[in-house]
Amino acid sequence: MSAVERRRELGQQFRVDSVRMAAAANSGHPTSAMSAADLLAVLVDGYLRYDFSQPKSPANDRLVFSKGHASVLLYAMYRAAGVVTDDEILTYRKHGSMLEGHPTPLIPWVDVATGSLGQGLPIGVGMALAAKHLEHLPTRVWVLCGDSEMAEGSMWEAFEHAAHYGLDNLTAIIDVNRLGQRGETMVGWNLDVYAARAEAFGWNAIEVDGHDVEAIDEAFSRAVAMAGKPTVIVAHTLKGRGVAAVENQNGWHGKPLEDPEGAIAELGGLRDIRIEVAKPDVEPVARPAPSKLELPRYELGTEVATRKAYGDALAALGTARPDVVALDG
C-alpha cells in the first residue's frame, strides 16, 4: 500500500487498539485517543526519530503526551512499533502492568509522567532547550496537547518562553476535538483563535484537518523546515472519530465504549500493521570533561552582595562542570 493508505490504516489500527484496551480494563479514555490517532500515525510513520533500544540517548526525538489521559494511543503506537506485544497492551490498567492509566517512566520510552493538564508543553520547552543549547543536537521535541488544557496559564507561559528562545526544534500539536470532560471547551472549534494567540506569542501556527493524513504530513513537513521559531499544529478533530455512537458526542469522556466489538467492526476490524520508526541519524556529542573547580574567594571582612557572590560561584561551577544547569525563579 502507499504511504497515504498505510497511514490511514495505521490510524484506524490505533483506534481499534484504543477501544480494545479500554474494554479490557473497563476504564480509560478511548474517545480522546481516537481523535488524535491520525496525527500520531503520520508522526510515527514519517517524522519521529527514535531508537527504542536506547531510550536515554540524547539523539532521540522526544514525544510528550501532555494529554496523558489518551495513553491508550501511545500504547497502540508501541504495539505498532513492535516494542510491546498484543497481549501486553491488554494488561492496560491492570495491577503490576507498566501500561498505567497515564504514561509514567515505568515505561522505558516515557521520560516524564503526564496527565496533570498544563504540564506537558512546559516540560517540552525544557527538553527543547536542553537539546538546542546543552546537547547541540538536531533533536526534535513533539508535544501532543489537548484543547481543554489550553485554558491553563502554564501552557501560555511555555508559549512565551519557547518563542523567546527561538526553539525551532519544538512542535506542539493541539488536538482540538472540542469536547472536554463536561462539555464544550472555551474556544470550541475556533482554530483561528488558537492560531492567533500562538502567533501573538511569536510562534509559527498551522491549522489543519486532523483526520487528513496528507494535510497532516504537509503541516509536519512545514514545522520541521521552520527556522527561528517554534511551530504549533492546530488540528480540527472529532472526539471518538470513526464510531457513530460516540463520534462528536458529549458524555463519553473517560469511558469505555458500550459495544466494543461493534465499534471494532465499524472501524474495519483488527489490524497488525508494523512500522519501523526511523532512528536518529546523528551521534550524541561528547560533553567536555569536568575541569578543576576554582571557586571565588573573598578576604575576611569584605562586603559582597549575596546575589553577586552566588552568581560568581555558579559561573565558576558552570565553567568547571558543563553538565551543571542553573535555573532562576
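Definitions and limits used
Residues numbered from 1 in each chain as written. Predicted model: local features only at pLDDT ≥ 70, side-chain atom pairs only at ≥ 80, totals over all residues. Heavy atoms only, no water. Core = buried A, V, L, I, M, F, W, Y, C linked by side-chain atoms within 4.5 Å. Buried < 20%, exposed > 50% of the residue type's maximum accessible area, 1.4 Å probe, protein only. Helix = DSSP H or I, 4+ residues; strand = E, 2+ residues; numbered from the N terminus. Salt bridge = Lys/Arg side-chain N within 4 Å of Asp/Glu carboxyl O. Pairing = 2+ DSSP bridges. Axes fitted to C-alpha atoms, helices over the stretch in contact; angles between N-to-C directions. Patch = residues over 30% accessible without salt bridge, like charges linked within 9 Å, V, L, I, M, F, W, Y side chains within 5 Å. Areas by Shrake-Rupley, 256 points an atom, 1.4 Å probe, with all protein chains shown as cover. Contact = heavy atoms within 4.5 Å. Polar contact = N/O pair within 3.5 Å; in protein donor to acceptor, adjacent residues only side chain to side chain. Parallel < 35°, antiparallel > 145°, perpendicular 65-115°, else oblique. Nonpolar A, V, L, I, M, F, W, Y, C, P; charged D, E, K, R; others polar.

Visitor: Which parts of the structure should I look at to understand the nonpolar core?
Guide: Across soluble globular proteins, nonpolar side chains have a tendency to be buried as a group. Core analysis: the biggest nonpolar cluster contains 50 residues, and Phe-14, Leu-40, Leu-63, Leu-73, Met-77, Tyr-78 and Phe-220 have the highest contact counts within it. For this core, the elements supplying multiple residues, two or more each, are α1 (3–25), α2 (30–46), β1 (62–65), α3 (71–81), β2 (141–146), β6 (204–209), α8 (213–225) and β7 (231–236). Core analysis: the next-biggest nonpolar cluster, separate from the first, contains 29 residues, Met-127, Ala-162, Leu-170 and Val-176 among them.

Visitor: Is there a simple way to think about the pattern of salt bridges in this case?
Guide: Pairs can form between side chains of opposite charge whenever their charged atoms are close. Enumeration over the complete set of coordinates arrives at 19 salt bridges. Salt bridges sharing partners connect three or more residues here, namely Asp-17, Arg-20, Arg-79, Asp-86, Asp-272 and Arg-274.

Visitor: How should the sheet that holds β6 be read in this particular structure?
Guide: Paired through their backbone hydrogen bonds, the strands of a sheet run either parallel or antiparallel. Across the sheet, five strands lie side by side as β1-β2-β3-β7-β6; this open sheet has parallel pairing. At either margin of the open sheet sits one strand with a lone partner, and together these are β1 and β6. Across the sheet, the mean angle from the axis of one strand to that of its neighbour is 20 degrees, orientation sign disregarded. As paired elements, strand β3 (residues 170–176) and β7 share six bridges and run parallel to each other.

Visitor: What am I meant to see in a nonpolar patch on the surface here?
Guide: A cluster of nonpolar side chains, contributed by Leu-134, Val-325 and Leu-327, occupies part of the molecular surface with about 330 Å² of accessible area. Assignment of secondary structure puts Leu-134 in helix α5 (residues 120–135). Judged by its relative accessible area of 38%, Leu-134 falls in the partly exposed class.

Visitor: Is there a simple way to think about the environment of Glu-247 in this case?
Guide: Structurally, Glu-247 is set in the loop between β7 and α9 (260–266). What makes Glu-247 partly exposed here is its relative accessible area of 26%. Here Glu-247 is in contact with Leu-238, Lys-239, Gly-240, Arg-241 and Gly-242, once residues within four sequence places are set aside. Looking at Glu-247, its side chain comes within polar contact range of the main-chain nitrogen of Gly-242, at 2.8 Å.

Visitor: It is not clear to me how the packing of α1 against α8 should be interpreted in this structure. Could you clarify?
Guide: A pair of packed helices is captured by two measures, namely the crossing angle of their axes and the spacing between those axes. Where α1 meets α8, the axes come as close as 10 Å, and the angle between the chain directions of the two elements is 105 degrees. The orientation of α1 with respect to α8, classified from their angle, is roughly perpendicular. Counted together, Val-4, Arg-7 and Arg-8 of α1 and Val-213, Glu-214 and Asp-217 of α8 form the full contact between these two elements. Looking at the contact of α1 with α8 residue by residue, the classes come out as two nonpolar, no polar and four charged.

Visitor: How should the environment of Ile-273 be read in this particular structure?
Guide: Within the secondary structure, Ile-273 sits in the loop between α9 and α10 (306–320). Look at Ile-273 and you get buried, because its relative accessible area is 14%. Among all residues touching Ile-273, those that are not within four sequence positions of it are Arg-6, Glu-9, Leu-10, Gln-13 and Ala-80.

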